[in-house]
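An overview of the molecular structure
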Amino acid sequence: MRLHVLAAAAVLAVVPVRPASGQDLVVDTAGAGVLIDEALNRSEVMQNLQYLSDVIGPRLTGSPAARRANDWTLERFKDYGLDAHLEPWRLGGTWTRGPMRVRMTAPRTHDVTAASWAWAPGTGGATVTGPVVRIDATTPDSFALYHGRVKRAWVMTRASSLVWNTDGPAMTAADSQRQRDFFRTVFAPFRDADSVTRARMQQFANDLPYLLRRAGALGILLDAGKEHALLNMSGSPNRILPLPQLAVAHEDYALFDRLLQAGTTPRLAVSSSNTITRDSVPQWNTVAEIRGGERPGQVVIVGAHLDSWDLGTGTTDNGTGAMCTLEAARIIARSGLKPKRTIRFALFTGEEQGLIGSRKYAEAHAGEADSIQAVIVLDNGTGAITGQALQGRTELEALWRAILAPVARLGVDSVVNRNKTGTDHLSFLPYGVPGFNFNQLERGYGHTHHSQSDAYDMAVAADLMQASAVMAVSAYELANLSGLIPRGDRSAPTPVQAVKVSDSLLVKGTR
């Protein structure tokens, strides 16, 4: 059947190469039932996810495992009958985690749960001891007051996070507000300031690790901000740190904070060995296609990121999205259905370092932007898809409701005006390409995200089978739309470049 957003006669008059009004497009749902049947009754998503998680394991960008994942997914796409290849891009240096141990030696001995921040140096394998101090590094003026206290010390730059004990009483409205205020203060302290002040504060944040190194600090301690000793991780070759930085389990970080407030100074002994390379190296995105039968030059991109952090095995961030993308390709290829437009499946790397792989891809394919129907991405854990976030494109609400109508019985019944952040669809928006990241059930993603618990055990098979069905149906219907979705607003793409540190803090002869 055909599901019309408006009258069919008006829609069918749309010229295929000219973007139509979002309200004038016809969604052809023929074939949706075949795709759903293939997804739910002959799924291969879990066996592929298990291999990716358990055999290949964590896929830190720049690591040999990331390349093994590229090669394996390339062959899987080919096994399913798709034309596939690897597209290279350049990464500004690699980072390898080495052995590490952190112990509190005073006022008692205690093994601390911690991990080195990525693209931060270690201690060179030596055991480095010193007191823990907490300072206020919110502004240059506040930092100046504590400057003399950081020499030969492990430095906490803020109070411990407000992590709620979920085994205790439920949060009150006042508790929730206090937590929101804390996160706003920590993550967006100058959001209401004028542009000059925001720029000055951003530069100070860029400079702070170098200011601490110059003042003689041993390293920086960060609160991982999760319960049950779960860690957190980030880092990028675009911001190589000049001194060790450790993500510390919230329980240990809060312990340090309480001891300091009670007048007792904790002491730490830290030994870590990390390896940083600063020469540009090639990395790859895995790309595969089902060629369109009528308009092969117009493309729907279905994507997810293949890379992960290395504390767990990268199952829910984002092995699930990557394997649902692979599964969507299998579903369409095995269905025998022939899309009118080309459907391109892209597994990006470098996402965890700042969407680098997808930004490089979008840049390389900028000349095709007006022929890209849309980019749809899955990147929020193992949870089933609940609907679509419009990314500010409210005029497309009726269109997305029509696209998702065949999968509404699978629980996909929400279309909301929400701007999703931190995923690869953002890389295409500056070029005017409609880009979307599906909404999903949370399914404990706050626990597994970037932590050591991100493993295959956390995957929910039924949810991933459903998500694969939704992605396949959405991709196929977008490929068969009566016209192109209207372009979004264009803007200058943010260049991929290193964070700017004040010249006065850089050592001559280094990069």
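The structure this text deals with has already been given above.
Rules of the game
Residues numbered from 1 in each chain as written. Predicted model: local features only at pLDDT ≥ 70, side-chain atom pairs only at ≥ 80, totals over all residues. Heavy atoms only, no water. Axes fitted to C-alpha atoms, helices over the stretch in contact; angles between N-to-C directions. Helix = DSSP H or I, 4+ residues; strand = E, 2+ residues; numbered from the N terminus. Parallel < 35°, antiparallel > 145°, perpendicular 65-115°, else oblique. Left-handed = near helix turned anticlockwise from the far one by under 90°. Contact = heavy atoms within 4.5 Å. Salt bridge = Lys/Arg side-chain N within 4 Å of Asp/Glu carboxyl O. Buried < 20%, exposed > 50% of the residue type's maximum accessible area, 1.4 Å probe, protein only. 1 Å grid on protein atoms, 1.4 Å probe; cavity = no way out; pocket = protein on both sides within 12 Å on 5 of 7 lines; lining within 4 Å. Points joined across faces, edges and corners; volume = space filled by probe spheres on them. Nonpolar A, V, L, I, M, F, W, Y, C, P; charged D, E, K, R; others polar. Core = buried A, V, L, I, M, F, W, Y, C linked by side-chain atoms within 4.5 Å. Phe/Tyr/Trp six-rings, centres within 6.5 Å; stacked < 30°, edge-to-face > 60°. Lys NZ or Arg CZ within 6 Å of the ring centre and 35° of its normal. Pairing = 2+ DSSP bridges. Lys, Arg positive; Asp, Glu negative; His and termini not counted.

**With respect to the packing of helix 3 (residues 45–56) against helix 9 (residues 315–335)**
Taken N-terminus to C-terminus, the directions of helix 3 and helix 9 make an angle of 135 degrees; their axes are 9 Å apart at the nearest point. On the basis of their axis angle, the class for helix 3 and helix 9 is oblique. Note that helix 3 runs across helix 9; the crossing there is right-handed. Contact residues: Val45, Asn48, Leu49, Leu52 and Ser53 in helix 3; Thr315, Gly319, Thr320, Met323, Cys324, Leu326 and Glu327 in helix 9.

**Things to note about the pattern of salt bridges**
In total, this model carries 20 salt bridges according to the counting rule given. In this structure, Glu38 and Arg330 form a salt bridge, with 2.7 Å as the shortest nitrogen-oxygen distance. Remark: Arg330 occurs in helix 9 and Glu38 occurs in helix 2 (residues 32–41); sequence separation between them is 292 residues. Assessed through its relative accessible area of 9%, Glu38 is described here as buried. Of the charged contacts in the structure, one is a salt bridge between Glu44 and Arg334, with a shortest N-O distance of 3.8 Å.

**Notes on empty space enclosed by the protein**
Applying the stated criterion to the full structure yields two cavities of 30 Å³ or more. Its boundaries defined by the atoms lining it, the largest cavity holds a volume of some 50 Å³. Lining the largest cavity are Ser308, Trp309, Asp310, Leu311, Gly312, Gly314, Asp317, His450, Ser451 and Asp454. Lining the second largest cavity we find Tyr361, Ala362, His365, Ala366, Ala369, Ile372, Phe428, Tyr431 and Val433. Its residues assigned to classes, the lining of the second largest cavity comprises eight nonpolar, one polar and no charged.

**A closer look at the side chain of Arg393**
Locating Arg393 in the fold gives a position in the loop between strand 18 (385–389) and helix 11 (397–404). Residues within four places of Arg393 in sequence aside, it is in contact with Asn417, Pro434, Ile485, Pro486, Arg487 and Gly488.

**What to know about the packing of helix 9 against helix 13 (residues 461–479)**
A pair of packed helices is captured by two measures, namely the crossing angle of their axes and the spacing between those axes. The interhelical angle for the contact between helix 9 and helix 13, taken along N-to-C directions, is 55 degrees, at an axis separation of 8 Å. Between helix 9 and helix 13, the angle is such that the two are oblique. Judged by the sense of rotation from one axis to the other, the crossing of helix 9 with helix 13 is right-handed. When helix 9 is examined against helix 13, the residues Thr320, Cys324, Thr325, Glu327, Ala328, Ile331 and Ile332 are found in contact with a partner set consisting of Leu464, Ala467, Ser468, Ala469, Met471, Ala472 and Ala475.

**Here we look at the nonpolar core**
Counting residues in each nonpolar core, the largest one holds 69 residues, and the members touching the most others are Phe77, Phe345, Trp400 and Leu478. At eleven residues, the largest contribution of residues to this core is made by helix 13. Excluding anything up to four places from it in sequence, Phe77 contacts Leu82, Ala84, Thr286, Ala288, Leu326, Ala329, Phe345 and Leu347. Listed in part, the 30 residues of the second largest apolar core include Ala153, Ile220, Leu231 and Leu241.

**What to know about the packing of aromatic side chains**
What characterises a pair of aromatic rings is the spacing of the ring centres plus the angle enclosed by the ring planes. This structure, assessed with the given rule, holds nine aromatic pairs. One aromatic cluster is present, formed by Phe348, Tyr361 and Phe428 through successive ring pairs. Its end group placed over the ring of Trp284, Arg67 keeps NZ or CZ at 4.2 Å from the ring centre.

**Section: the sheet that holds strand 12 (residues 267–272)**
Taken together, eight strands build an open sheet; the order of strands is 6-5-12-8-9-10-11-7 and the sheet is mixed. The sheet is open, and its two edges are formed by strand 6 (110–111) and strand 7 (114–116), each paired on a single side. Bridge analysis of strand 5 (residues 100–106) against strand 6 gives two bridges, and the strand direction is antiparallel. Counted as the bridge partner of Arg103 is Asp111 from strand 6. Across the face of the sheet, helix 8 (residues 250–261) comes into contact with strand 5, strand 6, strand 8 (127–134), strand 9 (154–156), strand 10 (219–223), strand 11 (245–248) and strand 12 while running at roughly 65 degrees to strand 8.

**A few points about helix 9**
The buried fraction of helix 9 is high, at 19 of 21 residues. Phi turns positive, to about 85 degrees, at Gly336, one or two residues after helix 9.

**Quick word on the side chain of Glu351**
Mapped onto the elements, Glu351 comes out in the loop between strand 16 (341–348) and helix 10 (356–364). One buried charged side chain, Glu351, makes no salt bridge at all; its nearest oppositely charged neighbour is Arg59, positioned 10 Å away. What Glu351 contacts, discounting residues up to four positions off in sequence, is His305, Asp307, Ile356, Asp379, Gly422, Thr423 and Asp424.

**A closer look at the pairing of strand 14 (residues 281–290)**
With respect to burial, strand 14 is a largely interior element, seven of its ten residues being buried. Where strand 14 and strand 16 come together, five bridges link them in antiparallel fashion. The residue of strand 16 that forms the bridge with Ile290 is Ile343.

**A word on the pairing of strand 12**
With respect to burial, strand 12 is a largely interior element, five of its six residues being buried. One ladder, built from six bridges, connects strand 5 with strand 12; its direction is antiparallel. Within the sheet, the bridge partner assigned to Val102 lies in strand 12 and is Val270. One ladder, built from five bridges, connects strand 8 with strand 12; its direction is antiparallel. Opposite Val128, over in strand 12, you have Val270 as the bridge partner.

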